[in-house]
Amino acid sequence: MFVLGLLPLLLLRVCCSRAADISGDVTTEFSVRLYHQLQAAGGEDNIIFSPLSVSLALGMVELGARGSSLQEIREAVGYSHFRQDEEFSLLRNLTQTLSVDEAQYVVRLANSLFLQNGVHFNKDFLRLMKKYFKAEVETVDFSESAAVAEHINTWVENHTDSKIHSLVSADDFSSVTRIALVNAVYFRGSWKNQFRPENTRTFSFSKDDGSEVQTLMMYQQGEFYYGEFSDGTSEAGGVYQVLEMPYEGEEMSMMIVLPRQEVPLATLEPIIKAPLLEDWANNVKRQKVEVYLPRFKVEQKIDLRESLKELGIKNIFTKDADLSAMTAEMSEGKDLFIGRAVQKAYLEVTEEGAEGAAGSGMIALTRTLVLYPQVMADHPFFFIIRNRKTGSILFMGRVMNPEVIEPIDHDFDSV
Ligand SMILES: *[C@@H]1O[C@H](CO)[C@@H](O)[C@H](O)[C@H]1NC(C)=O
Ligand SMILES: *[C@@H]1O[C@H](CO)[C@@H](O)[C@H](O)[C@H]1NC(C)=O
């Protein structure tokens, strides 16, 4: 049996940015179900993953899949009502729309296929990989596992501004590995309304288990998209806040969903569904808001196999997998299956953007009456980073425990 490595890889660094909103993408339901799987497996931990990256990686596998291997992916991801192969055109269009490298923000999507020397791959498959995924194709010798791991890790670093290191290790490959799919997503944005570092304070963050940690809390008053929603219960505890903060350019945004202080995030998570994400996007209103948001950095390496199996994508991980469209010889393809499915994601949220503060709408701090709604993220919250035009979700996750990044150099007592 051959082993196929699937390595969606993703990386995200957000610096200083601003607010935006949501729309419909056919894969949103799948993204949310995947979140629930990670949540079920994740205890009280932070979560960060890239739904977009998973969809792209699965799309690359799907191109080479036949029979129930193909059907399971189409059904789970949400393509069953599409004409045959229409999803590939959709993924290509999404990739083109999203891949920007403007001064305001950067989204880079990179796909690569590493093939075993000497295996004969189907020319059509390689051609379609280029056409739909712009996938770079390279041949390697997986039996030289340490060298391959180093090569792939360098490729990943090259495509993630060196934010994702050591995605794979020598143990991930062996002489039976035939193919590794690697997909990297990199995002860097500056808030449209940046936080002023001099307004950041040390602050207590209350975790859901009742304990407290010290964190650096950013502060600003500014115009954002904001709404209050109810989880359907009649109690006041069922009311939660949604804040959407656009990045420079207003195409990308981060949406933060915060339950009331006394309500654990776990109470809110079960109601999160794709239509609700749209509801939030369509119903937040532009208004002045007081925002307290911790600086945070979340990083996670996820083995996607178990979660994808729970979502109905099982066949590709077994000896019954049919990936025969990948190889020139049908019989050779019947021996391929996916051995690994790994994703690593990284997100850093700080006051400023990498592009600096020029032209952004800064609001002076006033310590007077609270005249505006106040979003105080001093307890666990859910977030997504999305494209407001396409609805594509680049990152989804939750902060249960903000990891304080290196302290900033300023006088905390200044007003
Ligand atoms: C992708 O874009 C092309 C060209 O704009 C369009 O013809 C096609 O219908 C789009 N595909 C999908 C699935 O949206
Ligand atoms: C990474 O980037 C360096 C510098 O551009 C290049 O020489 C090297 O070939 C790249 N490595 C991979 C694996 O893409």
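Keep in mind that this is a model prediction, so the values were computed, not measured.

Asker: Lay out the overall build of the chain in plain terms, naming residues and giving numbers.
Answerer: Across its full length, the chain carries 10 helices and 16 strands. Taking all 415 residues of the chain together, 49% fall into the buried category. Sequence separation of 24 or more characterises 80% of the internal contacts of the chain that already satisfy a separation of 6 or more.

Asker: Would you mind going over the packing of helix 2 (residues 51-63) against helix 4 (residues 86-98) in detail, with residue names and values included?
Answerer: At their nearest, the axes of helix 2 and helix 4 sit 11 Å apart, and the two run at 145 degrees to each other. Crossing angle aside, the handedness with which helix 2 passes helix 4 is left-handed. Touching Ser55, Leu56, Gly59 and Leu63 of helix 2 are Glu87, Phe88 and Leu91, all from helix 4. When the residues that make up the contact of helix 2 with helix 4 are grouped by side-chain class, the tally is four nonpolar, two polar and one charged.

Asker: Summarise the pairing of strand 9 (residues 239-246); cite the residues concerned and give the values.
Answerer: A large share of strand 9 lies buried, amounting to seven of its eight residues. Bridging between strand 8 (residues 212-230) and strand 9 involves six bridges; their strand directions are antiparallel. The residue bridging Tyr226 from the neighbouring strand is Leu243, located in strand 9. Pairing of strand 9 with strand 10 (residues 252-259), which is carried by seven bridges, proceeds in the antiparallel orientation. Along strand 10, the bridge assignment pairs Glu244 with Met255. Where strand 9 folds back on strand 10, the antiparallel hairpin that results is connected by five residues, among which Gly249 adopts a positive phi of roughly 100 degrees.

Asker: Hey, could you go over helix 8 (residues 274-283) for me, with residue numbers and the actual values?
Answerer: Buried residues of helix 8: Ala274, Leu277, Trp280 and Ala281, and no others. Looking down the long axis of helix 8, one finds its buried residues gathered within 120 degrees of arc, a one-sided arrangement. Turned more than 90 degrees away from the buried face of helix 8, the exposed residues are Pro275 and Asn282. The inward-facing, buried residues of helix 8 contact helix 1 (28-41), strand 8, strand 9 and strand 10.

Asker: Describe the pairing of strand 11 (residues 285-294), with residues and values.
Answerer: In the sheet, strand 8 pairs with strand 11 via 10 bridges, with the strands oriented antiparallel. Within strand 11, the residue paired with Glu223 across the bridge is Lys288.

Asker: Which residues make up the site of ligand 1, and what values do they have?
Answerer: In the region of ligand 1, the neighbouring residues are Glu86, Ser89, Leu90 and Asn93. Residue composition of the shell around ligand 1, by class: one nonpolar, two polar and one charged.

Asker: Could you give me a rundown of unusual backbone geometry, with the residues and numbers involved?
Answerer: Despite not being glycine, Asp85 shows a phi value in the positive range, around 70 degrees. As for its position among the elements, Asp85 is in the loop between helix 3 (67-77) and helix 4. Residue classification places Asp85 among the partly exposed positions, given that 13 C-beta atoms sit within 10 Å. Even without being glycine, Asp161 reaches a positive phi, approximately 55 degrees. Structurally, Asp161 can be placed in the loop between helix 6 (145-159) and strand 6 (177-189).

Asker: Describe helix 5 (residues 123-133), with residues and values.
Answerer: All of the buried residues in helix 5 are Phe125, Met129, Tyr132 and Phe133. Down the axis, helix 5 shows its buried residues gathered within 90 degrees of arc, on one side only. Turned more than 90 degrees off the buried face of helix 5, the exposed positions are Lys123 and Arg127. For helix 5, the secondary structure elements touched by its buried residues are helix 2, helix 4, strand 4 (105-116) and strand 5 (136-140). One or two residues past the end of helix 5 sits Lys134, with phi positive at roughly 45 degrees.

Asker: Explain the environment of Met218 to me, and be specific about the residues and the numbers.
Answerer: For Met218, the location among the structural elements is in strand 8. What makes Met218 buried here is the crowd of 27 C-beta atoms within 10 Å. Spatially, the C-alpha atoms of Met218 and Thr200 are 4.3 Å apart, while their sequence positions differ by 18 residues. Filtering out sequence-adjacent residues up to four positions away, Met218 remains in contact with Phe195, Asn199, Thr200, Leu293, Arg295 and Glu351.

Asker: Tell me about the environment of Asp141, and please be specific about residues and values.
Answerer: Position of Asp141 among the secondary structure elements: in the loop between strand 5 and helix 6. Classification of Asp141 as partly exposed rests on a count of 14 C-beta atoms within 10 Å. Here the alpha-carbon distance between Asp141 and Leu115, two residues 26 residues apart in the chain, equals 8.0 Å.

Asker: Outline the confidence of the model for the chain, supporting the account with residue identities and numerical values.
Answerer: The pLDDT averaged across the chain works out to 83; a share of 86% of its residues lies at or above 70. Taken element by element, the chain is modelled with least confidence in strand 1 (residues 3-12), mean pLDDT 51, and with most confidence in helix 3, mean pLDDT 96. The low-confidence segment residues 353-368, where pLDDT is below 50, has 36 contacts with residues more than four positions distant or belonging to other chains. A low-confidence stretch, residues 409-415 (pLDDT under 50), is modelled with six contacts involving residues beyond four sequence positions or located in other chains.

Asker: Tell me about the packing of helix 2 against helix 5, residues and numbers included.
Answerer: Packing of helix 2 against helix 5 leaves a shortest axis separation of 10 Å and a crossing angle of 155 degrees. The orientation of helix 2 relative to helix 5 falls into the category roughly antiparallel. Crossing hand, helix 2 versus helix 5: right-handed. Counting all contacts with helix 2, which are made through Leu56, Gly59, Met60 and Leu63, the residues of helix 5 involved are Phe125, Leu128, Met129 and Phe133.

Asker: Break down the environment of Asp171 for me, citing the residues and quoting the values.
Answerer: With respect to the helices and strands, the residue Asp171 is situated in the loop between helix 6 and strand 6. Separated by 26 residues in sequence, Asp171 and Ser145 have C-alpha atoms that sit 7.2 Å apart.

Thresholds applied
Residues numbered from 1 in each chain as written. Chains lettered and ligands numbered in written order. Predicted model: local features only at pLDDT ≥ 70, side-chain atom pairs only at ≥ 80, totals over all residues. Helix = DSSP H or I, 4+ residues; strand = E, 2+ residues; numbered from the N terminus. Buried ≥ 20, exposed ≤ 12 C-beta atoms within 10 Å, placed from the backbone. Contact = placed C-beta atoms within 7 Å. Axes fitted to C-alpha atoms, helices over the stretch in contact; angles between N-to-C directions. Left-handed = near helix turned anticlockwise from the far one by under 90°. Nonpolar A, V, L, I, M, F, W, Y, C, P; charged D, E, K, R; others polar. Pairing = 2+ DSSP bridges. Arc of directions from axis to C-beta. Near = placed C-beta within 6 Å. pLDDT = per-residue confidence, 0-100. Parallel < 35°, antiparallel > 145°, perpendicular 65-115°, else oblique.

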